[in-house]
Amino acid sequence: MEIVICRDAAEAGRLGAAAIVDLLQRKPDAVLGLATGSSPLAIYDELARRHEAGEVSFAHARGFTLDEYVGLPADHPETYHNVIRRDIVGRVDFAPDAVHGPDGLAADIPAFCRSYEEAIAAAGGVDLQILGIGTEGHIGFNEPGSSLASRTRIKTLTKQTRLDNARFFDGDINQVPTHCITQGLGTIMAARHVVLVASGAGKAEAVHHLAEGSVSAMWPGTILQHHPHVTVLLDEGAAGRLQLSDYYRETYAAKPAWQGL
Ligand code: F6R
C-alpha cells in the first residue's frame with residue numbers, strides 16, 4: 001500500500017486524475033470503478049478540466065459505480081446514478097450506456113446483484129477503482145462487520161453513515177435511505193489498481209486503521225492491506241494520525257518518476 005501525503009485535496013485530485021489519464025492512454029477501453037461522495041470530487045474536477053483541454057478521452061472507456069441507495073425514486077437528485085452523472089459522467093465523453101450502477105429499484109435485488117457481478121466480469125474486470133472511505137472505515141458501503149470476501153449485495157447503512165450523508169439530504173437523517181446495494185469487499189479486491197482518496201481530520205482514524213491497523217471486519221477498508229496495488233492519496237488532515245507519516249513522506253519524495261502510481 002503506497003501512502004502519498006499531499007499538500008491538499010487539490011494535489012491529491014491531480015495525482016488521482018493523472019493515474020486515470022495514464023491508464024486511458026495505455027488502454028483507451030479501460031474499465032473504471034467510480035465512487036460517489038465528496039472524496040473523489042477533486043479527481044473528477046481535474047479529469048473534466050483535462051478532458052476540456054483535449055488531454056484525455058473517455059469515448060472507449062467503461063465504468064461501474066460502487067453503490068446505490070435502495071428505494072430512492074429515479075428522479076431523486078441524490079441517487080448515485082444521478083450524482084455520478086453530475087460529478088463526472090456528464091462532464092466528459094463517455095459513450096451512452098458505458099457507465100453502469102446498481103439498480104436501487106430492482107424488484108429482485110439478489111438477482112440484480114448477481115447480474116452486476118456478471119457484468120463487471122464480462123467487461124474484463126475493473127482496471128482502476130476509485131474509493132473514498134467512511135469515518136467508520138467502510139469502502140463502498142461495506143459497513144463494519146462486512147464479510148471480507150463479500151460480493152455485491154444489499155446492506156443496511158449504519159446510523160453513523162446516515163448521519164454523515166445527511167448533509168446531502170437537507171441535513172435530515174430521516175431522509176437518508178436505510179439500505180443500499182454495494183459492491184462487496186471481494187468485488188473491490190478484484191480491481192487491478194485501487195486509488196483511495198481521503199481528506200480532512202474526520203477521516204484520520206479510519207485512515208490510520210486502513211494503513212496501519214490489524215485487518216478486521218470492524219474496519220472494512222483494512223482488507224486492502226491484502227491487495228497488491230493500492231495507492232492512498234491523503235491531505236494533511238486525513239494523514240494526521242499515521243504513525244509512519246515521516247517514512248511515507250520520505251519514500252514518496254525519493255520515488256523514481258518512472259514508477260508512476
Ligand atoms: C461512495 C462510497 C462511500 C464513500 C464514503 C466517503 O460511493 O462508496 O464509501 O466513499 O462514504 O464519503 P465522502 O467521500 O462523501 O466522505
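Preceding this paragraph is the structure being described.
In this report, we go over the structure that sits alongside the text. (Residues numbered from 1 in each chain as written. Predicted model: local features only at pLDDT ≥ 70, side-chain atom pairs only at ≥ 80, totals over all residues. Heavy atoms only, no water.)

Concerning the packing of aromatic side chains
Counted under the stated rule, the structure contains 8 aromatic pairs. Between F58 and F94, the aromatic rings sit 5.1 Å apart at their centres with planes inclined by 45°, giving tilted as the arrangement. Here F58 is found in the loop between helix 2 (41-52) and strand 3 (62-65), whereas its partner F94 is found in the loop between helix 3 (80-87) and strand 5 (99-100), with 36 residues between them in sequence. For the pair shown, F58 and F94 are each scored as buried. One aromatic cluster in this structure is built from Y69, Y80, F141 and F169. (Phe/Tyr/Trp six-rings, centres within 6.5 Å; stacked < 30°, edge-to-face > 60°. Helix = DSSP H or I, 4+ residues; strand = E, 2+ residues; numbered from the N terminus. Buried < 20%, exposed > 50% of the residue type's maximum accessible area, 1.4 Å probe, protein only.)

Section: the site of the ligand
Among the 14 residues in the neighbourhood of the ligand, the closest are listed as S39, D67, H138, G140 and K203. Between the ligand and the protein, one listed contact pairs an oxygen atom with a side-chain N or O atom of T36 at 2.7 Å. Of all the cavities here, the one that holds the ligand is the largest pocket. Residues that form the shell around the ligand fall into these classes: 3 nonpolar, 8 polar and 3 charged. (Near = heavy atom within 4 Å. Polar contact = N/O pair within 3.5 Å; in protein donor to acceptor, adjacent residues only side chain to side chain. 1 Å grid on protein atoms, 1.4 Å probe; cavity = no way out; pocket = protein on both sides within 12 Å on 5 of 7 lines; lining within 4 Å. Sits in = over half its atoms within 2 Å of the grid points. Nonpolar A, V, L, I, M, F, W, Y, C, P; charged D, E, K, R; others polar.)

Description of the sheet that holds strand 7 (residues 153-156)
The strand order across the open sheet built from 3 strands is 4-8-7, with neighbouring strands paired in antiparallel fashion. Looking along the sheet, the strands with just one partner apiece sit at the ends: strand 4 (67-69) and strand 7. Strand after strand, the sheet turns through a mean of 30° between neighbouring axes, direction not considered. Direction of pairing for strand 4 relative to strand 8 (residues 179-182): antiparallel, over a ladder of 3 bridges. Paired with Y69 across the bridge in strand 8 is C180. (Pairing = 2+ DSSP bridges. Axes fitted to C-alpha atoms, helices over the stretch in contact; angles between N-to-C directions.)

Quick look at the layout of surface pockets
Within this model, the largest pocket holds a volume of roughly 500 Å³. For the lining of the largest pocket, the secondary structure elements donating two or more residues are helix 1 (9-26), helix 2, helix 5 (159-165) and strand 9 (193-198). By residue class, the composition of the lining of the largest pocket is 13 nonpolar, 13 polar and 4 charged. In this structure, the second largest pocket spans a volume of roughly 330 Å³. Along its surface, the second largest pocket is lined by 18 residues, and A19, D22, Q259, G260 and L261 are the ones closest to its centre. Sort the elements by how many residues they give to the lining of the second largest pocket and helix 1 lands first, with 6 residues. Broken down by class, the residue content of the lining of the second largest pocket amounts to 9 nonpolar, 4 polar and 5 charged. (Points joined across faces, edges and corners; volume = space filled by probe spheres on them.)

Considering the side chain of N165
Within the secondary structure layout, N165 lies in helix 5. N165 sits in the buried class, given a relative accessible area of 10%. Setting aside residues no more than four positions away along its own chain, N165 makes contact with Y69, Y80, F141 and V176. (Contact = heavy atoms within 4.5 Å.)

Describing the pairing of strand 8
Sheet analysis places strand 7 next to strand 8, joined by 4 bridges and oriented antiparallel. Opposite K155, over in strand 8, you have C180 as the bridge partner.

Examining the nonpolar core
Among the nonpolar cores identified, the biggest contains 37 residues, and L131, I133, I139, L196, L224, L234 and L242 are the most heavily contacted of them. Counting residues per element, the ones that place at least two in this core are strand 1 (2-5), helix 4 (109-122), helix 6 (185-189), strand 9, helix 7 (204-212) and strand 10 (230-234). When residues of this core are assigned to their parent elements, the largest contribution, 5 residues, is made by helix 4. Leave out the neighbours within four places in its chain, and L234 touches I3, V4, I5, C6, A198, V207, A239 and L242. In terms of nonpolar packing, the next biggest core, distinct from the first, is built from 31 residues, L15, V56, A98 and V195 among them. (Core = buried A, V, L, I, M, F, W, Y, C linked by side-chain atoms within 4.5 Å.)

A closer look at the pattern of salt bridges
One pass over the full model with this rule turns up 9 salt bridges. A salt bridge links E2 to K255, with the shortest nitrogen-to-oxygen separation between them at 2.7 Å. Taken together, the residues span a long stretch of sequence, with E2 in strand 1 and K255 in the segment after helix 8 (245-253) at a distance of 253 residues. Among the salt bridges present, the one from R192 reaches D127, with a minimum N-O distance of 2.9 Å. In this pair, R192 is assigned in the loop between helix 6 and strand 9 and D127 in the loop between helix 4 and strand 6 (128-131), connecting sequence segments 65 residues apart. The class for R192 is partly exposed, based on a relative accessible area of 40%. Salt bridges sharing partners connect three or more residues here, namely K27, D127 and R192. (Salt bridge = Lys/Arg side-chain N within 4 Å of Asp/Glu carboxyl O.)

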